[in-house]
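# Examining the three-dimensional arrangement
Each chain, written out:
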Amino acid sequence: MIKNIATPGRTKEILEKHGFSFKKSLGQNFLIDVNILNQIAEAAGMSEQDGVIEVGPGIGALTEQFAKRVKQVEAFEIDGRLIPILEDTLSPYTNVSIHHEDVLKADVKKVLKEKLQTVKETAVVGNLPYYVTTPILMKLLEQRLPVTRIVVMIQKEVADRIAAKPGSKEYGSLSIAVQYYSKAATVMTVPKTVFVPRPNVDSAVLRLEIRDKAPVDVKDEQFFFQVVRASFAQRRKTIWNNLQHNLLGKERKNLLADALEQADIDPKRRGETLSMEEFAHLSNQLYERIT
Ligand code: SAM
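Please read all numbers here as calculations on a predicted model, not as lab measurements. (Residues numbered from 1 in each chain as written. Predicted model: local features only at pLDDT ≥ 70, side-chain atom pairs only at ≥ 80, totals over all residues. Heavy atoms only, no water.)

### Regarding the sheet that holds strand 4 (residues 96–100)
Taken in spatial order, the seven strands line up as 4-3-2-5-6-9-7 in an open sheet, and their pairing is mixed. Of all the strands in the sheet, the pair left with one neighbour each is strand 4 and strand 7 (182–190). Strand-to-strand, the axes of this sheet are offset by a mean angle of 20°, without reference to chain direction. Set on the sheet, helix 8 (residues 173–181) makes contact with strand 7 and strand 9 (203–210); between it and strand 7 the angle comes to about 115°. (Pairing = 2+ DSSP bridges. Helix = DSSP H or I, 4+ residues; strand = E, 2+ residues; numbered from the N terminus. Axes fitted to C-alpha atoms, helices over the stretch in contact; angles between N-to-C directions. Contact = heavy atoms within 4.5 Å.)

Below you can see the structure in the form of structure tokens.
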């Protein structure tokens, strides 16, 4: 029987054997709790006909759990020192490929097409490096990868912002950006004690079910996101002030007043009270007037 990589004892043994030291700058906090890893793997809901793309395998703790469950795992690891370690720890599994690459620069779409063409469904998973959580998630979503879901461990505070609903203090442009592409939910929160080294912040597992179709009709996506970002630029300011100062300029205030009226949005409201539908209406009204 193969011993799990993620027990505290085995992890220590692996790190000592290879003389590995953690790099904080790469967000290296490894999981040492097999239960949590099992729960992440279960949350991804993948079967033996499916495939997985993993971001940041570390020494292979999560990779191993998926190797046991799915047909093929393709993992992207930036740290060259971990490649020989992964070759060692994952040697019992023939269904894992490691790509020594920065996932932000990698052609993930190509890997999906070339390496995972025979699987039924694919999920992206990972215990993400906290310093680049948002860029990684946004890259994966904006590329519209043909994947069913994304299940990742991230900072709890970021997970709360991503899954937030209008009217809450966590709701902002990140909530809208992610929820435009997916249905977001926090699966569980995770204590600091299950990592080595322990991070300073609490973590949570976030699940994103990728949408087939955007939930709102927008005339121009880029402009829609510009309107959203500008509306939250200064959270305590009204939508009127934010859009005038951060997007349109004073000279176009009549146009703004007209668009708000047509979208049935009170100029005194703050961005955090607007639903995604309202942002869509507003950005469509503005777009019609400026093009
Ligand atoms: N999956 C392992 C676990 O749960 O124990 C390690 C998780 S650790 C939080 C994040 C991993 O991502 C590290 O192995 C780190 O080297 C790697 N990493 C950091 N930035 C990366 C990037 N841009 N692309 C790919 N991997 C990255």
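### Examining the packing of helix 10 (residues 239–248) against helix 12 (residues 276–290)
Running from N to C, helix 10 and helix 12 cross one another at 45°; their axes reach a closest spacing of 14 Å. Judged on the interaxial angle alone, helix 12 and helix 10 are oblique. Relative to helix 12, helix 10 is oriented so that their crossing is right-handed. Residues Ile239, Leu243 and Leu248 of helix 10 pack against Phe279, Leu282, Leu286 and Ile290 of helix 12. (Parallel < 35°, antiparallel > 145°, perpendicular 65-115°, else oblique. Left-handed = near helix turned anticlockwise from the far one by under 90°.)

### Topic: the site of the ligand
In the vicinity of the ligand there are 22 residues, among which Leu31, Gly56, Glu77, Asp102 and Asn127 approach most closely. One of the backbone N or O atoms of Gly56 is found 2.8 Å from a nitrogen atom in the ligand. Between the ligand and Pro57, the relevant distance is 3.4 Å, taken from a nitrogen atom to a main-chain nitrogen or oxygen of the residue. Across the complex, the protein chains shield 99% of the 600 Å² of accessible surface that the ligand would expose by itself. Counting only elements with at least two residues in the shell around the ligand, the list comes to strand 1 (30–31) and strand 3 (72–77). (Near = heavy atom within 4 Å. Polar contact = N/O pair within 3.5 Å; in protein donor to acceptor, adjacent residues only side chain to side chain. Areas by Shrake-Rupley, 256 points an atom, 1.4 Å probe, with all protein chains shown as cover.)

### Focus: the nonpolar core
Among soluble globular proteins, nonpolar side chains are generally buried collectively. Ile162, Leu208, Phe224, Phe279, Leu282 and Leu286 are the most contacted members of the largest nonpolar core, which has 63 residues in total. Each residue touching Ile162, except ones within four places of it in the same chain, is listed here: Leu137, Ile154, Leu174, Ser175, Val178, Gln179, Ala184, Leu206 and Leu208. In this structure, Ala61, Leu82, Val151 and Val205 belong to the second largest nonpolar core, which totals 39 residues. (Core = buried A, V, L, I, M, F, W, Y, C linked by side-chain atoms within 4.5 Å. Buried < 20%, exposed > 50% of the residue type's maximum accessible area, 1.4 Å probe, protein only.)

### Things to note about the environment of Gly126
Structurally, the position occupied by Gly126 is in strand 5 (residues 122–127). For Gly126, a relative accessible area of 0% translates into the label buried. Sequence-distant contacts of Gly126, that is, excluding residues within four places in its chain, are made with Glu54, Val55, Leu62, Val151, Val152 and Met153.

### Description of the packing of aromatic side chains
For the coordinates displayed, the defined rule picks out eleven aromatic pairs. Ring plane angle 90° and centroid distance 5.8 Å describe the contact between Phe20 and Phe22, whose orientation is recorded as edge-to-face. The exposure class of Phe22 is partly exposed, given its relative accessible area of 30%. On the basis of an interplanar angle of 40° and a centroid distance of 5.7 Å, the ring pair of Phe232 and Phe279 is categorised as tilted. Placement of the pair is Phe232 in the loop between helix 9 (221–231) and helix 10 and Phe279 in helix 12, with a sequence separation of 47 residues. Relative accessible area serves as the criterion here: at 8%, Phe232 is assigned to the buried category. The buried category is assigned to Phe279, whose relative accessible area is 0%. (Phe/Tyr/Trp six-rings, centres within 6.5 Å; stacked < 30°, edge-to-face > 60°.)

### A look at the packing of helix 9 against helix 10
Packed helix pairs are specified by the crossing angle of their axes together with the interaxial distance, meaning the distance between the axes. Where helix 9 meets helix 10, the closest approach of the two axes is 8 Å, and the angle between their N-to-C directions is 115°. Helix-helix and strand crossings are classified by hand; for helix 9 and helix 10 the assignment is right-handed. In this structure, helix 9 uses Phe223, Gln226, Val227, Ala230 and Ser231 to contact helix 10, whose residues at the interface are Ile239, Asn242, Leu243, Asn246 and Leu247. Taken together, the residues of the contact of helix 9 with helix 10 sort by class into six nonpolar, four polar and no charged. (Nonpolar A, V, L, I, M, F, W, Y, C, P; charged D, E, K, R; others polar.)

### Observations concerning helix 5 (residues 108–115)
Residues Val108, Val111 and Leu112 constitute the buried set of helix 5. For helix 5, the angular spread of the buried residues around the axis is 100°, confining them to a single face. Check the buried side of helix 5 and you find it contacts strand 2 (51–55), strand 3, strand 4, strand 5 and helix 6 (133–142). (Arc of directions from axis to C-beta.)

### A short note on the pairing of strand 2
The side chains of a regular strand alternate, first on one face of the sheet and then on the other. Most of strand 2 sits inside the fold, with five of its five residues counted as buried. Side chains Gly51, Ile53 and Val55 of strand 2 all project onto a buried face; the interleaved residues Val52 and Glu54 project onto the opposite face, where all are buried too. As defined by bridge partners, strand 2 adjoins strand 3 across five bridges and the pair is classed as parallel. Looking at the pairing, Val52 lines up with Val73 of strand 3. Viewed along the sheet, the connection from strand 2 through helix 3 (residues 61–69) into strand 3 turns out right-handed. Two strands pair when backbone bridges link them, and strand 2 and strand 5 are joined in this way by five bridges, in the parallel orientation. Note on strand 5: the bridge partner recorded for Glu54 is Val125. (Right-handed = clockwise from strand over helix to strand, strands pointing away.)

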